[in-house]
Amino acid sequence: MKRVLSVARYEYRRNVFKKSFLLTLLSIPLMVALGLGVGLLLVSLENNDRSVGYLDQAGIFENPIPPPLSKGEEPVDFIPFQTEEEAMASLEAEEIQAYYLLPADYFETQRIEIVYTEKPGENANRQWWDFLQINLLSDQPTEIAYRSASGADVTVRSLDGKRSIADSGPAFGNLMPLFINMAFMGLILMSSGFLMGAVAEEKENRTMEIVVTSISPLQLIGGKLLGILAIALTLLVSWSLIVLLGIFAARTMGIGWFQDLGMDWGVILATGAIAAPAYVLVSALMIAIGTMVTTTQEGQSFSSLFIILHLIPLYIAFAFIEKPDSSLAIALSILPFTSLMSTAMRNLFFSVPNWQIALSVGVQTVCAIGAIWLASRAFRLGMLRYGQRLRWRSLFQNQGAGERGRNP
Amino acid sequence: MHPIEVSQIAKSFGSIQAVVDVSFEVKKGEMFGLLGPNGAGKTTAIRVILDIFQPDQGKVAIFGGPMSDEKKDRIGYMPEERGLYQDIPLERCLLYLASLKGVPDQRARENLEGHLERFYLAEHRNKKVKELSKGMQQKAQIINTLLHQPELIIIDEPFTALDPLNLQLVKDVLGELRDQGVTIIMSTHQMQQVEELCDRILLIDEGKNVLYGDLNKIRQRFSGHAVLVQAGGKLPELASIKEITPHNGDLKLSLEENTTPQEVLKELAASSINLEKFEIAVPTLNEIFIQVVEEGDTK
């Protein structure tokens, strides 16, 4: 075990203490931050917090009630004007961004005029209509008025009552399994280079022959896999810390979606339990492929194949939404490659039974062990074949005498 | 029990028979030469010995039995395909490879210090391996082979890329190790070094044993009925001498069948020439190698 750890430590240090790793580490959070930043910038450009004026000739705002606000939303001040000249002067002085004119015959015509020099902000417009709506209901009790102004609030619940999605959309915690999936795919893409490199390095440096006279191929592959898992864990922990920091910042800034995260730790744990052996499975297969192909580039095309297999459940998402406990959904939740995404998607609408999760973890684990065996066998067969391709068929031939083949 | 006992091993790769029938033993504390032309099956035989390949038939016993993880730690191997991690500093590379041999870090560092000094690589320890010259990389390979203080060393072409100074250094180191009781198998095409260092040899050709045994006895076996002579003045015409030919600055006297070298020596001593050198003509290993391999090719 000590030597396996020695290989793992070497593999970890070889990859982590490099500038390129720092770039890899920061690339995903930077991309997400950039995306969020651009989104927030666009939203802020659409919003305008300057006051809005109004002329109430219909007598709706005698005792104005402020509009209901979303969580974290900044209120826009609504300023009453007695004459249109005063309102126009204020608009020209850029004290207000627009003013609304409610004519005396509003109740007959239901027409309102808006006067502006530049199109008013989305937030101002939205708050104005809420402001109008709640004041039209001013003869009702305040609670009813506010409730009516808030509109429909539909919460979708699963039949067993364990899953629910509010009208405002799924909570952060609801989407957590999907985020884990995204991280999983990110890890596969990121680590494919490390995985291919782990084997390619031994071949390119011609160190195979020295190493395998010190430790067994299984120990070497196990150590490399462990090292790359540690790298993946480093990436995951770092990304998680960055996400936590982001959530903390978002909560501090009062962004509504992050106020109530709605985390379901059971689901997160189950997703993680499937993700771990699934990652080992893909990693071991990638090492096997790295040993069998002749170039690193050729091997990396296989990582795309694994991503496509992993994404199959997304292509048939309708089937999961329509019937999350169908035979197809259960089968895909248990089979290798599709299990993680299937379980995550079903968990959005349905409480996946524990036996299915346990079976899925079991199947992934058995497949991962098989893949490690396959990788070590491919390694033993292909280790001295510099510049030669190894065929899949030969992996399963001549059990126990794995070295037969063409002379390297 | 010898450190290595190889009995009738054969190994093929598809239709190619790399090793047909090879048997030999290597005794403890000897330096053994494993020789043969390119493609003779030397590397395959070594890989079979080291359990990298399993033989199709035959047996290999290392330290009295099959290869094990514990036995791997007692063997130092420098393969034909030179290999060190190119992108990391020399010291880190060697310490890592030593750790795979189960050497504790502290001991590996202590051993490495001595070897780096001995091989004039101490000041290059922090350089990446790829930044070292070929000769330095060759010495680093040798250090890697010796760092874990093996009892058995299998070393393929140890003198490649070495200047005369470093060549002598490596020869000295190998000689010292042999004197300490370390068993060494050396595969090389440098016959002069084999003659100088090895006690016994095995010559393989086309995957089979061709010559095997004590080096001096083999040379005697191949010595022709001739003597080498250096003399001042013209040699007299003697009935016992069939032919006189120049040979590396000497004269090679081929003798008649019923004549002995002692009789020729007496006749020459009795003549008026000034005899400076007289020795039985024993072929060099290089000559034996060429003769044996060429005979094999013509069969």
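Residues numbered from 1 in each chain as written. Chains lettered and ligands numbered in written order. Predicted model: local features only at pLDDT ≥ 70, side-chain atom pairs only at ≥ 80, totals over all residues. Heavy atoms only, no water.

A.B. asks: Which residues make up the overall build of chain B, and what are the values?
C.D. replies: Along the backbone of chain B there are 10 helices and 13 strands. Within chain B, the proportion of its 299 residues that are buried is 52%. Put simply, of all contacts in chain B between residues at least 6 apart along the chain, 68% involve residues at least 24 apart. (Helix = DSSP H or I, 4+ residues; strand = E, 2+ residues; numbered from the N terminus. Buried < 20%, exposed > 50% of the residue type's maximum accessible area, 1.4 Å probe, protein only. Contact = heavy atoms within 4.5 Å.)

A.B. asks: Let's hear about the sheet that holds strand 10 (residues 226–232) of chain B: which residues, and what values?
C.D. replies: Each strand in a sheet pairs with another by means of backbone hydrogen bonds, the pair being arranged parallel or else antiparallel. All names here are of chain B. The strand order across the open sheet built from 4 strands is 11-12-10-13, with neighbouring strands paired in antiparallel fashion. The sheet is open, and its two borders are formed by strand 11 (241–247) and strand 13 (274–280), each paired with just one other strand. Going from strand to strand, the sheet's axes swing by 30° on average, the running direction of each strand aside. Here 6 bridges tie strand 10 to strand 13, and the two strands are oriented antiparallel to one another. Residue pairing for strand 13: Gly232 is matched across the bridge by Asn274. In this fold helix 9 (residues 261–270) packs onto strand 10, strand 11, strand 12 (250–255) and strand 13, with an angle of close to 175° to the strand it touches most, strand 13. (Pairing = 2+ DSSP bridges. Axes fitted to C-alpha atoms, helices over the stretch in contact; angles between N-to-C directions.)

A.B. asks: Lay out unusual backbone geometry in plain terms, naming residues and giving numbers.
C.D. replies: Residues and elements named next belong to chain B. For Asp51, which is not a glycine, the phi torsion comes out positive at approximately 70°. Looking at where Asp51 falls in the secondary structure, it is placed in the loop between helix 1 (42–49) and strand 4 (57–62). Phi is positive for Phe63, close to 50°, though the residue is something other than glycine. Assignment of secondary structure puts Phe63 in the loop between strand 4 and helix 2 (69–72).

A.B. asks: Can you tell me about the interface of chain A and chain B, naming the residues and giving the values?
C.D. replies: Residue-level contacts link 32 residues of chain A with 34 residues of chain B. With both sides pooled, the region where chain A packs onto chain B buries about 2900 Å², and carbon together with sulfur makes up 52% of that total. Counting every contact that joins chain A to chain B gives 2 salt bridges. On inspection of chain A and its partner chain B, the count reaches 7 residue pairs in polar contact (both at pLDDT 80 or more). Per-element accounting of the side of chain A that touches chain B gives the leading share, 6 residues, to helix 1 (residues 2–16) of chain A. The residue makeup of the side of chain A that touches chain B, split by class, is 11 nonpolar, 10 polar and 11 charged. (Buried area = accessible area lost by both parts, 1.4 Å probe. Salt bridge = Lys/Arg side-chain N within 4 Å of Asp/Glu carboxyl O. Polar contact = N/O pair within 3.5 Å; in protein donor to acceptor, adjacent residues only side chain to side chain. Nonpolar A, V, L, I, M, F, W, Y, C, P; charged D, E, K, R; others polar.)

A.B. asks: Tell me about a negative patch on the surface, and please be specific about residues and values.
C.D. replies: A contiguous patch of negative charge on the surface is contributed by Glu84(A), Glu85(A), Glu86(A) and Glu113(A). Ranked by the residues each element gives to the negative patch, the list is headed by helix 3 (residues 84–92) of chain A, at 3 residues. (Patch = residues over 30% accessible without salt bridge, like charges linked within 9 Å, V, L, I, M, F, W, Y side chains within 5 Å. Areas by Shrake-Rupley, 256 points an atom, 1.4 Å probe, with all protein chains shown as cover. Lys, Arg positive; Asp, Glu negative; His and termini not counted. Charge placed at Lys NZ, Arg CZ, Asp CG, Glu CD.)

A.B. asks: Please provide a residue-by-residue account of helix 8 (residues 215–222) of chain B, values included.
C.D. replies: Residues and elements named next belong to chain B. Listed as buried for helix 8 are Leu215, Ile218 and Phe222. With its buried residues spanning 60° around the axis, helix 8 presents them on a single face. In helix 8, the exposed positions that point more than 90 degrees away from the buried face belong to Lys217, Gln220 and Arg221. (Arc of directions from axis to C-beta.)

A.B. asks: An account of the nonpolar core is needed here, citing residue identities and associated values.
C.D. replies: Of all hydrophobic cores here, the largest spans 146 residues; its most connected members are Ile4(B), Phe24(B), Leu97(B), Phe119(B), Ile154(B) and Met186(B). With 15 residues, the top contributor of residues to this core is helix 10 (residues 265–292) of chain A. Excluding its chain neighbours within four sequence positions, the residues that come into contact with Phe119(B) are Lys139(B), Ile142(B), Ile143(B), Leu146(B), Leu169(B), Val170(B) and Val173(B). (Core = buried A, V, L, I, M, F, W, Y, C linked by side-chain atoms within 4.5 Å.)

A.B. asks: Describe the packing of helix 1 of chain A against helix 3 (residues 90–100) of chain B, naming the residues involved and giving the relevant values.
C.D. replies: Two numbers describe how helix 1 of chain A lies on helix 3 of chain B: the axes approach to 9 Å, and their chain directions differ by 155°. Between helix 1 of chain A and helix 3 of chain B, the angle falls in the class roughly antiparallel. Note that helix 1 of chain A runs across helix 3 of chain B; the crossing there is left-handed. Counting all contacts with helix 1 of chain A, which are made through Arg3(A), Ser6(A), Val7(A), Tyr10(A), Arg13(A) and Arg14(A), the residues of helix 3 of chain B involved are Arg92(B), Tyr96(B), Ser99(B) and Leu100(B). Broken down by class, the residue content of the contact of helix 1 of chain A with helix 3 of chain B amounts to 4 nonpolar, 2 polar and 4 charged. (Parallel < 35°, antiparallel > 145°, perpendicular 65-115°, else oblique. Left-handed = near helix turned anticlockwise from the far one by under 90°.)

A.B. asks: Pulling in residues and values, what's your account of the sheet that holds strand 2 (residues 78–80) of chain A?
C.D. replies: Residue and element names in this part refer to chain A. Read from one edge of the open sheet, 4 strands run 2-1-3-4, paired in mixed fashion. Only two strands of the sheet have a single neighbouring strand rather than two, namely strand 2 and strand 4 (113–116). Pairs of neighbouring strands in the sheet enclose a mean axial angle of 25°, with direction left out of account. Most of the contacts of helix 3 go to strand 3 (residues 96–102), to which it runs at about 160°, and overall it touches strand 1 (51–56), strand 3 and strand 4.

A.B. asks: Go over the packing of aromatic side chains with me, naming the residues and quoting the values.
C.D. replies: Under the definition given, this model contains 16 aromatic pairs over all chains. Pairing Phe13(B) with Phe53(B) gives two aromatic rings, centres 5.1 Å apart and planes at 70°, and the pair type is edge-to-face. Highlighted residues: Phe13(B) in strand 1 (residues 4–13) and Phe53(B) in the loop between helix 1 and strand 4, separated in sequence by 40 residues. The exposure class of Phe53(B) is buried, given its relative accessible area of 5%. What links up through ring pairs into an aromatic cluster is the set Tyr54(A), Phe61(A), Phe78(A), Tyr100(A), Trp128(A) and Phe131(A). Lying over the aromatic face of Phe63(B), Arg74(B) brings its terminal NZ or CZ to 3.9 Å of the ring centre. (Phe/Tyr/Trp six-rings, centres within 6.5 Å; stacked < 30°, edge-to-face > 60°. Lys NZ or Arg CZ within 6 Å of the ring centre and 35° of its normal.)

A.B. asks: Give me the lowdown on the pattern of salt bridges, citing residues and values where you can.
C.D. replies: Pairing is possible between side chains that carry opposite charge, provided their charged atoms lie close to one another. Residue and element names in this part refer to chain A. A complete count under the given rule lists 17 salt bridges over all chains for this structure. The salt bridge involving Lys224 is made with Glu11; its shortest N-O contact spans 2.9 Å. With Lys224 in helix 9 (residues 217–252) and Glu11 in helix 1, the pair connects residues that are 213 residues apart, well separated along the chain. When its relative accessible area of 0% is taken as the criterion, Lys224 is described as buried. Judged by relative accessible area, Glu11 falls into the buried class, the value being 0%. Among the charged side chains, a network of salt bridges with common partners joins Glu11, Arg14 and Lys224.

A.B. asks: Residue-level account of the environment of Glu151(B), with values.
C.D. replies: Residue placement: Glu151(B) occurs in the loop between helix 5 (134–146) and strand 6 (152–156). Excluding anything up to four places from it in sequence, Glu151(B) contacts Phe63(B), Arg74(B), Val182(B) and Thr183(B).

A.B. asks: I'd like to hear about the pairing of strand 3 (residues 31–35) of chain B, residue by residue, with values.
C.D. replies: All names here are of chain B. For strand 3, the tally of buried residues reaches 5 of 5 residues, placing the bulk of the element in the interior. In terms of strand pairing, strand 3 meets strand 7 (residues 183–187) through 4 bridges, oriented parallel. In the sheet register, Met31 faces strand 7, and the bridge partner there is Ile184. Relative to strand 8 (residues 200–205), strand 3 is paired through 4 bridges, and the arrangement is parallel. Residue pairing in the sheet places Gly33 in a bridge with Ile201 of strand 8.

A.B. asks: Please set out the confidence of the model for chain B residue by residue, giving values where relevant.
C.D. replies: Residue and element names in this part refer to chain B. Overall, the prediction assigns chain B a mean pLDDT of 87, with 99% of residues at 70 or greater. Looking at the elements of chain B, mean pLDDT is at its lowest for helix 10 (residues 285–298), recorded as 75, and at its highest for helix 3, recorded as 93. As scored by the predictor, the complex reaches a pTM of 0.69 and an ipTM of 0.77. (pLDDT = per-residue confidence, 0-100.)

A.B. asks: Describe helix 5 of chain B, and please don't skip the residues or the numbers.
C.D. replies: Helical geometry: 3.6 residues make up each α-helical turn, so side chains three or four residues apart lie on a common side. Over its 13 residues, helix 5 of chain B extends 19 Å from the first C-alpha to the last, a length consistent with the 18 Å expected when each residue adds 1.5 Å. Burial of helix 5 of chain B is extensive: 11 of the 13 residues sit out of reach of the surface. Buried residues of helix 5 of chain B: Gly135(B), Gln137(B), Gln138(B), Lys139(B), Ala140(B), Gln141(B), Ile142(B), Ile143(B), Asn144(B), Thr145(B) and Leu146(B), and no others. Close packing links the buried residues of helix 5 of chain B with helix 8 (208–211) of chain A together with strand 5 (75–78), helix 3, helix 4 (105–118), strand 6 and helix 6 (164–179) of chain B. (Expected span 1.5 Å × (residues − 1).)

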